[in-house]
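# Structural overview
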Amino acid sequence: MTRIELAKQDAPLVSVMIVAYQAREVIDDCLRSIMQSDTEASIEVLLIDNGTDGTGNLVAENYPAVKIVPTRGNIGFGAGNNAIAEFAKGKYLLLLNPDTIVEPGAIDALLSFARERDDALAWGGLIKTPNGTPDVSNFLRLPTLEQLLYAALGLERLYTRKNAPDDANAERTVEALCGAFFMIRLLDYRRFGGFDESFFLYSEEMDLFARIANEGGTVLTTPASGIVHLIGTSGTMSEGRAIFKAKGLMHFARKHWSAPKVVAAAALIWLAAFERSLVGLTRCDRSSRIAQLGKVSWAICRRPSEWIKGYSNRNSGYSE
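Let me begin by describing the structure that accompanies this report.

This part covers the overall build of the protein. Helix and strand counts for the protein come out as 11 helices and 10 strands. Rg of the C-alpha trace for the protein: 19 Å, near the compact-globule value of 20 Å for 320 residues, within the 12% margin. By the burial criterion, 53% of the 320 residues in the protein qualify as buried. Of all intrachain contacts in the protein linking residues separated by at least 6 positions in sequence, the fraction that spans at least 24 positions is 80%. Total accessible area on the protein is roughly 14,500 Å²; 53% of this is exposed by carbon and sulfur atoms.

Structure follows, in structure tokens:
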């Protein structure tokens, strides 16, 4: 059984960090998978509840070994992880989404990989969709204008295939890891200042890995460690999330790119949304995923003032 020793262990090896937002329906499966993951290394599990559905209370009642970090309201993904890291005692941090299932042995396998490849600064595993196929979030690259151009031309799948590795089930170097599942040393996390809290939602991990890349740091993945992402990239995208996704990308661009590239990024984001909107209108089945994506993309087209400046007003929270 997994050894979660919050009360007994002053220095667990791994701190599993979970930022929950309206996660009441999925948190049981996530925590149960951790408990049943046959982890030999001593771990602690810490959770902060950014939502209002009582996830934190449910966890406190049913999982007393999990440490509940005091909530600060809906502070966002990056700030939530930073808040947890203040309480973490492990040498390694494992960021984990609440809508995930940890496969047996996954934590030990990722920890072993991190120790073997201690020249790297962060490590990730294989993220799978509910049907067992590799999720596209395994093939992340740092944002570029080329990527935005492909999206504007409706060629996102071609870009993904172009940049996907020949073998998803192989160890490899990557530019960025999905915030749903990756490991980093606590000391390195603190040295980089954690996540930039000016990001509220989306692109905050891109910013962190851009800073790691600027230092010349290596980021690796291994297929020996895996999780199932229950919602992830296949989840429903609301208008609010679509706006925040565009806003996060623009915030990244404004932080890392020159002024001309920022202008180009804004234009390409708008054009990509417009293209999706047109494609969505051609679908007879209005309930189809493409039709729904077109609908939410139209919000980006008609409300550019809400995303084009990035998170210029960081106090604006998210709710659905």
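Our next topic: the state of the cysteines. The full count for this structure, using the stated rule, is zero disulfides. C30 takes part in no disulfide bond, and the closest cysteine sulfur, belonging to C178, lies 13 Å away.

For the rest of this paragraph, the subject is the environment of R211. In this structure, R211 sits in helix α8 (residues 204-214). For R211, a relative accessible area of 18% translates into the label buried. Remark: the alpha-carbon pair of R211 and L158, spanning 53 residues in sequence, is separated by 27 Å. Those residues within four positions of R211 in sequence are excluded, and the remaining contacts are F192, G194, F195, D196 and K255.

In this section: the nonpolar core. Core analysis: the largest hydrophobic core is formed by 56 residues, its most contacted members being L93, F182, F209, I269, I300 and W307. Apart from residues no more than four positions distant in its own chain, F209 is found in contact with A122, L142, E175, A176, L177, F182 and V219. The next biggest cluster of nonpolar side chains, apart from the first, holds 39 residues, and it includes L58, I107, A120 and F181.

Here we come to the side chain of S238. With respect to the secondary-structure elements, S238 resides in the loop between β10 (219-229) and α9 (239-256). Classification of S238 as buried rests on a relative accessible area of 18%.

Let us now look at a positive patch on the surface. On the surface, a cluster of positive charge is made up of R157, R161, K245 and R289. With respect to the secondary-structure elements, K245 resides in helix α9. Taking relative accessible area as the criterion, K245 reaches 46% and is therefore assigned partly exposed.

There is a patch of nonpolar side chains on the surface, built from W270, L271, F274, L278, L281 and W298 and spanning about 570 Å² of accessible area. Among the elements that line the nonpolar patch, the one with the most residues is helix α10 (residues 259-281), at five residues. Note that W298 resides in helix α11 (residues 289-302).

What follows deals with the pattern of salt bridges. Oppositely charged side chains may form a pair once their charged atoms are brought near each other. A full pass over the atoms with the stated rule returns 16 salt bridges. The partner of R72 in a salt bridge is E86, with the nearest N and O atoms 3.0 Å apart. Placement of the pair is R72 in the loop between β4 (67-69) and α3 (77-85) and E86 in the loop between α3 and β5 (92-96), with a sequence separation of 14 residues. You can call R72 partly exposed: its relative accessible area is 44%. Here R191 makes a salt bridge to E215, at a shortest N to O gap of 2.8 Å. Highlighted residues: R191 in helix α7 (residues 186-191) and E215 in the loop between α8 and β10, separated in sequence by 24 residues. Given the relative accessible area of 45%, R191 is considered partly exposed. Linked through salt bridges whose partners overlap, the residues forming this network are R185, D188, R191 and E215.

Summarising the element assignment, D207 is placed in helix α8. Within the local environment of D207, its side chain forms a polar contact with the side chain of K255, the two groups lying 2.9 Å apart. Excluding anything up to four places from it in sequence, D207 contacts D196, F199, F252, K255 and H256.

Scanning the entire structure with this criterion turns up nine aromatic pairs. Between F200 and F244 the ring centres are 5.5 Å apart and the planes differ by 45 degrees, which places this aromatic pair in the tilted class. Taken as a pair, F200 in the loop between α7 and α8 and F244 in helix α9 lie far apart in primary sequence, 44 residues in all. Per residue, the accessibility class of F200 equals that of F244, and both read buried.

This part is about the environment of L249. Structurally, L249 can be placed in helix α9. Sequence separation of L249 and L220 is 29 residues, and the distance between their C-alpha atoms is 23 Å. Not counting residues within four places of it along the chain, the set of residues in contact with L249 comprises P143, L148, S203 and I269.

Attention now moves to the pairing of strand β9 (residues 181-185). Among the five residues that make up β9, five are buried, leaving the element largely enclosed by the rest of the structure. Burial of β9 is two-sided: the residues F181, M183 and R185 facing one way and the residues F182 and I184 facing the other way are all buried. Relative to β9, strand β7 (residues 122-128) runs antiparallel, the two being bridged by three bridges. From the neighbouring strand, A122 faces β9, where its bridge partner is I184.

What counts and how
Residues numbered from 1 in each chain as written. Predicted model: local features only at pLDDT ≥ 70, side-chain atom pairs only at ≥ 80, totals over all residues. Heavy atoms only, no water. Helix = DSSP H or I, 4+ residues; strand = E, 2+ residues; numbered from the N terminus. Rg over C-alpha atoms; globule rule 2.2 N^0.38 Å. Buried < 20%, exposed > 50% of the residue type's maximum accessible area, 1.4 Å probe, protein only. Contact = heavy atoms within 4.5 Å. Areas by Shrake-Rupley, 256 points an atom, 1.4 Å probe, with all protein chains shown as cover. Disulfide = S-S within 2.5 Å. Core = buried A, V, L, I, M, F, W, Y, C linked by side-chain atoms within 4.5 Å. Patch = residues over 30% accessible without salt bridge, like charges linked within 9 Å, V, L, I, M, F, W, Y side chains within 5 Å. Salt bridge = Lys/Arg side-chain N within 4 Å of Asp/Glu carboxyl O. Lys, Arg positive; Asp, Glu negative; His and termini not counted. Charge placed at Lys NZ, Arg CZ, Asp CG, Glu CD. Polar contact = N/O pair within 3.5 Å; in protein donor to acceptor, adjacent residues only side chain to side chain. Phe/Tyr/Trp six-rings, centres within 6.5 Å; stacked < 30°, edge-to-face > 60°. Pairing = 2+ DSSP bridges.

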